[in-house]
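Notes for the structure review
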Amino acid sequence: MSYTSWHTYGYGVCLTGMECGSMKRMENLLKLAPEYHKSVQNWLKEQGIAKPDVDDVLEFDREYHLGLATILQNVIQEAENIRFTACDDCNSEIYLVYEPSYPWNMPEKEENLTEEILRLVLKKYISILTDEVFEVDYCSVENGG
């Protein structure tokens, strides 16, 4: 029997305990990423969900079950062209983290990112979903299996 562990290092936020205030707020977020929004809407239709609530939308991530972190990751990717990683740790804490990259792998949009820009982007998108305040800081997320 073996055990493999992994770490996700970067700048981001722990989203554990975050709740979306309403379906209206979720729709406002999703509208910022039209292609992703369309994918979510198509999936909801396939599931036979005519009047979705926030929990229905959170089920869209059926692979990793990271909920709001996955949604924020995909919306920010489409809207801002900035790659965040949705991940969880050994204690099931959920994170959204910007991982540093090698310069030759870095998209042009990310070449001039600063800590302040990343903080503002995270706060902008999180504030659409909730009025709660989440601390943006350096993260070391460890998990394994």
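None of these values were measured; they are calculated from a predicted model.

Thoughts on the pattern of salt bridges
Applying the stated rule across the entire model yields 5 salt bridges. Residue arginine 25 pairs with aspartate 131 through a salt bridge whose shortest N-O separation is 2.9 Å. Separated by 106 residues along the polypeptide, arginine 25 in helix α1 (residues 23–30) and aspartate 131 in the loop between α5 (115–129) and β4 (136–144) bring together distant segments of the chain. Salt bridges sharing partners connect three or more residues here, namely Glu115, Glu116 and Arg119.

Remarks on the nonpolar core
One finds Met26, Leu72, Phe84 and Leu96 to be the most contacted residues of the largest nonpolar core, which totals 38 residues. Looking at this core, the elements that each hand over two or more residues are β1 (5–14), α1, α2 (34–46), α3 (54–58), α4 (68–80), β3 (94–98) and α5. Element by element, the count of residues in this core is highest for α5, at 7 residues. Methionine 26 has contacts with Cys20, Val54, Val57, Leu58, Leu68, Ile71 and Leu129, leaving out every residue within four places of it along the chain.

Side note on the confidence of the model for the chain
Residues with a pLDDT of 70 or more make up 100% of the chain, whose mean pLDDT is 93. In the model of the chain, β4 stands out as the element of lowest mean pLDDT, 93, in contrast to α1, which has the highest, 98.

Some thoughts on unusual backbone geometry
Unusually for a residue other than glycine, asparagine 81 sits at a positive phi of about 60°. Tracing the backbone shows asparagine 81 in the loop between α4 and β2 (85–88).

Brief notes about the packing of aromatic side chains
According to the stated counting rule, one finds 5 aromatic pairs in the structure shown. By way of ring pairs, the aromatic residues Tyr36, Trp43 and Phe60 are connected into one cluster.

Considering the pairing of β3
Judged by how many residues are buried, β3 sits mostly within the fold: 4 of 5 residues are covered. Here β1 runs beside β3; their pairing, made up of 4 bridges, is antiparallel. In the sheet register, tyrosine 11 faces β3, and the bridge partner there is tyrosine 98. In terms of strand pairing, β2 meets β3 through 4 bridges, oriented antiparallel. Note on β3: the bridge partner recorded for aspartate 88 is isoleucine 94. Joining the antiparallel neighbours β2 and β3 is a turn of 5 residues, in which serine 92 adopts a positive phi near 65°.

A word on α2
Here α2 contains 13 residues, and its C-alpha end-to-end distance of 18 Å stays within 8% of the 18 Å for a straight helix at 1.5 Å per residue. Turning to α2, its buried residues number three or more, namely Tyr36, His37, Val40, Trp43 and Leu44. With its buried residues spanning 125° around the axis, α2 presents them on a single face. α2 presents Pro34, Glu35, Lys45 and Glu46 as exposed residues on the side facing more than 90 degrees away from its buried surface. Against α1, α3 and α4 lie the buried residues of α2. With its phi angle positive at about 75°, glycine 48 sits one or two positions after the end of α2.

The rules behind the values
- Residues numbered from 1 in each chain as written.
- Predicted model: local features only at pLDDT ≥ 70, side-chain atom pairs only at ≥ 80, totals over all residues.
- Heavy atoms only, no water.
- Salt bridge = Lys/Arg side-chain N within 4 Å of Asp/Glu carboxyl O.
- Helix = DSSP H or I, 4+ residues; strand = E, 2+ residues; numbered from the N terminus.
- Core = buried A, V, L, I, M, F, W, Y, C linked by side-chain atoms within 4.5 Å.
- Buried < 20%, exposed > 50% of the residue type's maximum accessible area, 1.4 Å probe, protein only.
- Contact = heavy atoms within 4.5 Å.
- pLDDT = per-residue confidence, 0-100.
- Phe/Tyr/Trp six-rings, centres within 6.5 Å; stacked < 30°, edge-to-face > 60°.
- Pairing = 2+ DSSP bridges.
- Expected span 1.5 Å × (residues − 1).
- Arc of directions from axis to C-beta.

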